[in-house]
Structures are given as structure tokens and as C-alpha cells.
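Fold and contact review
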Amino acid sequence: MKTPTDSRSKRILVIDDNPAIHEDIRKILTTGDRNADMDEVKAALFGEKPAAVDRYAFEIDSALQGEEGLGKVKAAHECGRPYAMAFVDVRMPPGWDGVETISRIWKSFPDLQVVICTAYSDYSWEEMIQQVGPSDSLLILKKPFDNIEVLQMAHALTEKWALNNQVKHRLNNLDELVAQRTAELEVANQKLKREIAERIQAEQALRLSEERFSKAFKASPIPLAIQSLLEEKFVDANKGFEKLLGYSVAELVERTPAALKIWADPAAEQTMLEKLRKEMTLQNSSARFRNKAGHLLDILLSVEVFELNGAPYLLMIAQDITEQLKLENQLRQAQKMEAVGQLAAGVAHDFNNILTVISGNATLLLEEKPADSSDAKPLQSICAAADRASRLVRQLLTFSRKQITDIRPCQIREAFNSMEDMLPRVIGPQVILNINAQPGLPQIYADASMMETMLMNLAVNARDAMPEGGRLMLTALAVTLEAKDLAAHSEARRGRFVRISVADTGTGIPPEALPRIFEPFFTTKPVGQGTGLGLATVYGIVKQHRGWIDLETAVGKGTTFNIFIPVFESEPAETAPIRNAPEPKPLKKPSETILVVEDEPDLRDLVIQLLQSRGYRILAASSGKQALEQWAQHKDEIQLVLTDMVMPDGLTGRKLAEQLLQESPHLPIIYTSGYSPGTNRPDVDQIDPNSFLGKPYRPAELFEIIHRFLNPVEKAA
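Analysis parameters
- Residues numbered from 1 in each chain as written.
- Predicted model: local features only at pLDDT ≥ 70, side-chain atom pairs only at ≥ 80, totals over all residues.
- Heavy atoms only, no water.
- Helix = DSSP H or I, 4+ residues; strand = E, 2+ residues; numbered from the N terminus.
- Areas by Shrake-Rupley, 256 points an atom, 1.4 Å probe, with all protein chains shown as cover.
- Axes fitted to C-alpha atoms, helices over the stretch in contact; angles between N-to-C directions.
- Parallel < 35°, antiparallel > 145°, perpendicular 65-115°, else oblique.
- Left-handed = near helix turned anticlockwise from the far one by under 90°.
- Contact = heavy atoms within 4.5 Å.
- Nonpolar A, V, L, I, M, F, W, Y, C, P; charged D, E, K, R; others polar.
- Phe/Tyr/Trp six-rings, centres within 6.5 Å; stacked < 30°, edge-to-face > 60°.
- Lys NZ or Arg CZ within 6 Å of the ring centre and 35° of its normal.
- Buried < 20%, exposed > 50% of the residue type's maximum accessible area, 1.4 Å probe, protein only.
- Pairing = 2+ DSSP bridges.
- Polar contact = N/O pair within 3.5 Å; in protein donor to acceptor, adjacent residues only side chain to side chain.
- Expected span 1.5 Å × (residues − 1).
- Arc of directions from axis to C-beta.

Brief notes about the overall build of the protein
Tallying secondary structure elements over the protein gives 20 helices and 22 strands in all. Carbon and sulfur atoms form 53% of the exposed surface of the protein, whose accessible area is close to 38,100 Å².

Encoded structure:
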């Protein structure tokens, strides 16, 4: 059923079996003449004067039977133009009478205003009310009816119907509005309930989070502190932060880092705060803190800004990386020294070839000159200079751990005893010498002469640091290092060691020089007063003995070198040398043929000249490949091979010897090199020292080893 579109409908339905009644009512209600009396009646009834336009035009429809009338009422409602009232006759044979018609209409359309027309009283009022029910929408019009009365009823009931519809419409709107507001309030109420529940849940989560944060904050081993960003005061700190700086929480709270002088550089703190005010976070920034004892600490600092009670605060995470940086610096220094050592070894190797040529040629010329010759003295100076250069090269090789050593179980006390006699003459009377070795020291596995060299170089270095005199102390002490002792030095390890300390009361070492003191040729002394190889040699000796150096120094207060050498536990297994001619047979020929393998042309020419001057027949080769070619042609003639170790074409002296010994197991082979055997170099290791001639060598040393190999019977005799 459609809702009426016209709340002030003037539609009237006449239901009567007499068509004449229809016409009478139509004439009464649709007349165009306006009666002044009617206007007055209307004004009296409704309190209004009629407008100038025709406001009394009714739309009249007719139905001859009650069933037809019900159908028209339904149709009017369905199209949205309902009837406001109906005139219904009481008697309408055949079919429904008026009372039944009204009853049926009101079942579906109770708002319809009805005037029941009757000529005589078929039904009493009580009977009609009993059938249709009590209603204020029912009037009775007696036939014959008065025109004015009909008109009055039409106006009154249509106006009443219109007013009822307006009120009903407004009530419906009010109901809808109330329902809408009720629904909105219900939604708001549900939302409020959810918000309250969420807030309670958030508060519970916040309390739980705060509890967890508090527990994690207090229990964390990482130093943590909370600081106000506005006031810059500490609010709280954990045990790790207390341990880091040495202040208790009570000493930190309500005080600023500036008041406690925690930042080594106050300007760095302000820079950090300014950055945090802009970026709200700081990750892994380097800083330096000063603890309660006044010691400077290297810190890796991370800071986050968070809000607490509406104010900004800082969560500081401070990790002490002082020892880590120290170990990293030591590692970088060790790596640098290793690289410098490799360079020094390479330089020494090439320099040895040059020195051998210089020394050899000078010796040849010197042998040809009379002792009183004017050329003899310059040649002697050349030989002496070559010897000095040779000693420098040996120091370089010692630094780079490429110098041959005589390592055996020994007592450091032996080296100390030698120093007691030697050092006073070296350091002079202005320096007081104290030597103290702990009784019962365990043995170390070392080269005794190198230990003496190490102590001598350290003593000379200490003497130069005390130009006005002072005190020099040499001590030796047995120590056992555990895991807790290893943080002091990156190369430290667990075990038993002899700690050798050389301490002076001299000028100390300036901080800028510390990273370079063990580098070869680095010196702080004036030009001409030092080679820069003293401490470099000490470094090489210590490394060659699998030890390390701890250095303590302060400008104006002196320097202490603590050297750790491992205790001798068991003698290491000897490395089997390359099998050389164990027992060469005596040679019968008065002249022997020697194959000389050397890639350096000047040195090769010198060796050929030297050996030919002694009557040897020489075959020469500049590489391992040429040596194999010479061997293939003259293998039956060659009685000895003199070969360099490091050669081009990938065939080293060691590999050449292996191939030759496979064909002639008793062939005497002498190896030469600027390096030394036993120095962890693949092409020199596993060489029998008795078969090795190190460069630079003198002609006499060359003749002696060749004579020894070619005449084993004389050696045995």
C-alpha cells in the first residue's frame, strides 16, 4: 500500500445504490457559487476566512455497491491519492449494507472519514457502534438531507482527515527521528564501550610494557640511562651504567652530564643534543666519556627520544669499546708490521745479491794488489762497507723473521749474565743498571745470541732516552696467563711464559710516535745518530720466538718493554731436510765440473770468475729450465751443482734439486739465497743448513763449502 502523496486530499467517495443521490451530492459539493453564509459558517467552524480562490472544489467518485466502494478505496490508496471521506447509504440491496461496507473498509483504512446516510432508523446508534466499533470518524446524515449540512460535513471531515494525516505524518517522522537518534546513540554507546575497553586494554598493556621495560632496563648488562631532553638531567640509570662510569644512581639522578664532567668534549654533547632535537635518534655514534676516577673511555653511543608524561626524554645506550679499539689498533699495527716485514725481507734478499757482487769483486781485486798498493786501502774500505751493509741486511732479516736461528732450550739467566759484563761499558757510568732474574726460572726455547742482541738493543735505546742519566732495570719473571689476562694484548694467549722487562726512567715515547716505533728505519733521533733498526730488530726477534711485546710509556716518566717468551715444554720435531748427497764418493779427477745456476747476471759472472780462478770447470745456467738442459747434455761430467733458490719460470732451486736427485741420488748440491732456511718460506724451508750458503758471502766462504763438498775424505780426516 502506497503512502498518500496529498495530505490535504478533497477526494470524496459516494457509495449508494441510488444514482440520483450521487448527482445530488455532486451538485452540492461541486457548485461554483460561493455562498456568503457558507463562508461565515466556515469561518465560525474553522476560524478562517475563505481565500479569494475556490478552496472548496471536491473530487467526487461514485460506487453503487459496498464491494465496489471498497475496491475504489483500495485503488485510490495504491495510486497514492486516497479518499478523505465517504458518504455511505445504509441500505444497498443486494449485497453489503452500509454498516458492513464501513466495517470492511475500516479494517484496511481506519483513517477514512465516513458519513452514513439513512432515511429511517434501520439501526440504532448503539447497534452501528457495536458492529463497526467506537470511532470518531463516523457521522450520521438523515434523509432528506440539507445541502448546508452536507457541505459542512464535507468540509469538516476532509479538514479533519487532513489534520489527522499531518499529525500522523509528524508522529511518524518523530518516531523515525527518535529511532534514528536512538540508533545513533546506540552506535555511540557501543563505540564508547569499545573505546573504554580499548583504553583499559591499552592501559593494561602500557603497565605491562612499563614493567617489562623496567625489568629489562634494570637487568640489562648494557649500560643504559634516561636523561631529560629539556633539563638535560639524569632521571635513572641501570647497574651497567653505574659500573661504566663509577657513579651510583643517587649520584647521577637530578644532575647533568656537564655538572659531572662526563663528556670529555662538552661541545660534542651539545652537538648530540641538537641532532636529537632534529632527528629524534642517534645510532652508533663515537663519543668519549670520563668516569668518576677520571679515566677516559671510548664509547659507542646510541640514543632514542621518547615521551614520558608529555615531556621528551632520552634513552641512552653506552657501550664501552675502549679495549676493543685498543685490540683493533694492535691488530692493525701487527698487520702493518707484517707487511713491512715482507717488504724488508724482499729488499734484503735483493740487496744480498748486490752485496755479494760488490764484496766478491772487491775481494778479487784486493787479492791481486800488493799490501802497500795505493788501491788496496779503497778496496779494503769497499769490503768493510759491504760487511756493514751485510750486518744491516741481517737486522732487516731478523725484523722480518727471515734470519736463520740457532734455537734450543736455554735459560734467560745466561743472557742476563752476559749483559752484566757488557752493558756497563755500553750505557756509561751516568746510568745505574739493575739486573734481577727470578730464581728457578723455567727454560725457554730460544736463540741465546738473539736474546743478547734483543737486550742490547733495548738497553741502547734506553740509554739514548736518558741523556742526563737515570736508571735501567732488567728483570725476568715466570708468569702464567689465564683467559682473564688476554684482553690486554691481541696476541696474548694462555700458558706459561717468561716475562722479560726492560724499564728506564727516560724521556718516554710521545703518543704520535708509538704506532711506528717498531718500523725499520723509523727513528726520533737526529740524523746520523741512529739507523732506526734497533727496535725493529727487537720486534723481529720476539716474533721469531713466538712471543709479543707490551709497552708502557709516559712522556717524562720513562718506558717499560714487557716481552713474553713461551716456556720450553718439549722440543719441537725437526723438519726433515731435502736429501742431499749424504756421502759423495771421493773424486779422482784433479779438476771438477760445477753447474752454476743463478738468475742474477752480475752475480753469476762473479761466481764463474771466482771458481774458474781456482781451476774449476764451469757450466752456467740462468734458470732452472736452462739447468735441466745443461744437465741433459753434461750429466756425466757434473760433480756438483751450486743453485740459487729463487728463480724465474716457476722452477725454484729446491724443485730443480728434487729432479736432479731423482736421477743422481749422490749428487752434491749447494743452495744459495738471500733468505735463510727455517724461516717459513716454502722455497727455502727444509734445506739442510750444512748445504746452504747464505748471501752475501765472501769468496773464501764459497771456496770453503765447495771444497768441503768435493773433498769429504779430507773433512772426515
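Structure's up, so let's keep going.
Concerning the packing of helix α17 (residues 624–634) against helix α18 (residues 653–663)
Packing of α17 against α18 brings their axes to within 10 Å, and their N-to-C directions diverge by 15°. Between α17 and α18, the angle falls in the class roughly parallel. As for how α17 packs across α18, the hand of that crossing is right-handed. The residues of α18 that touch α17, namely those facing Gly624, Ala627, Leu628 and Trp631, are Leu656, Gln659, Leu660 and Glu663. Class assignment for the residues of the contact of α17 with α18 results in five nonpolar, two polar and one charged.

Notes on the packing of aromatic side chains
We describe a pair of aromatic rings using the distance from one ring centre to the other and the angle between the two ring planes. A complete count under the given rule lists eight aromatic pairs for this structure. What links up through ring pairs into an aromatic cluster is the set Phe497, Trp548 and Phe564. Here the guanidinium or amino end of Arg11 rests over the ring plane of Tyr83, the centre of that ring lying 4.5 Å away.

Side note on the pairing of strand β17 (residues 558–566)
In terms of burial, β17 is a largely internal element, nine of the nine residues being buried. Neither face of β17 is open: one carries Gly558, Thr560, Asn562, Phe564 and Pro566, the other Thr559, Phe561, Ile563 and Ile565, and all of them are buried. Sheet topology note: the strand β16 (residues 548–554)/β17 ladder contains seven bridges and is antiparallel. In the sheet register, Glu552 faces β17, and the bridge partner there is Thr560. Between β16 and β17, which pair antiparallel one after the other, the connecting turn spans three residues, and Gly556 there sits at a positive phi close to 85°.

Brief notes about the sheet that holds strand β5 (residues 138–142)
Neighbouring strands of a sheet are bound in pairs by backbone hydrogen bonds; such pairs are parallel or else antiparallel. Sheet architecture is open: five strands sit in the order β2-β1-β3-β4-β5, paired in parallel fashion. Strands at the two margins of the open sheet, each flanked by one partner only, are β2 (59–63) and β5. Each strand axis lies, on average, 20° off the axis of its neighbour in the sheet, ignoring direction. Both strand β3 (residues 85–89) and strand β4 (residues 113–118) contribute to a ladder of five bridges, which runs parallel. Bridge assignment links Val88 to a residue of β4, and that residue is Ile116. Its contacts with the sheet put helix α1 (residues 19–30) on β1 (11–15), β2 and β3, and the angle it makes with β2 is roughly 170°. Running over the sheet, helix α4 (residues 98–108) touches β1, β3, β4 and β5 and is turned about 170° from β4.

Let's talk about unusual backbone geometry
We note that Glu232 has phi near 65°; this positive angle belongs to a residue other than glycine. Inspection of the secondary structure puts Glu232 in the loop between β6 (224–228) and β7 (234–237). Accessibility expressed as a relative area gives 18% for Glu232, which makes it buried. Positive phi values are uncommon outside glycine, yet Asn284 reaches one of about 50°. Structurally, the position occupied by Asn284 is in strand β8 (residues 281–290). Overall, Asn284 belongs to the partly exposed group, its relative accessible area being 49%.

Examining the side chain of Ser103
Take Ser103: it is sitting in helix α4. Setting aside its immediate chain neighbours within four residues, Ser103 contacts Gln131 and Val132.

Focus: the side chain of Gln639
Tracing the backbone through its elements, the reader meets Gln639 in strand β20 (residues 638–644). A polar contact is formed between the side chain of Gln639 and the backbone nitrogen of Thr593, at a distance of 2.6 Å. Within the local environment of Gln639, its side chain forms a polar contact with the backbone oxygen of Glu637, the two atoms lying 2.6 Å apart.

Observations concerning helix α3 (residues 66–78)
Taking 1.5 Å of rise per residue, 13 residues should cover 18 Å, and α3 covers 19 Å from first to last C-alpha, within 8% of that figure. When we look at burial in α3, the residues that qualify are Gly66, Gly69, Leu70, Val73, Ala76 and His77. Down the axis, α3 shows its buried residues gathered within 125° of arc, on one side only. Exposed positions of α3 whose direction lies more than 90 degrees from the buried face are Glu67 and Glu78. Here the buried face of α3 lies against β1, β2 and α4. In the segment just after α3, Gly80 is the residue with positive phi, at about 80°.

Some remarks on the sheet that holds β20
Read from one edge to the other, the open sheet built from five strands follows the order β19-β18-β20-β21-β22, with strand pairing classed as parallel. With partners counted over all chains shown, the strands left at the sheet margins are β19 (617–621) and β22 (692–694), one partner each. Strand-to-strand twist of the sheet, defined as the mean angle between neighbouring strand axes without regard to direction, takes the value 20°. Both β20 and strand β21 (residues 669–673) contribute to a ladder of four bridges, which runs parallel. When the bridges of β21 are listed, Thr643 appears paired with Tyr671. The strands that helix α19 (residues 699–710) touches are β18 (593–597), β20, β21 and β22; relative to β20, the one it contacts most, it runs at about 140°.

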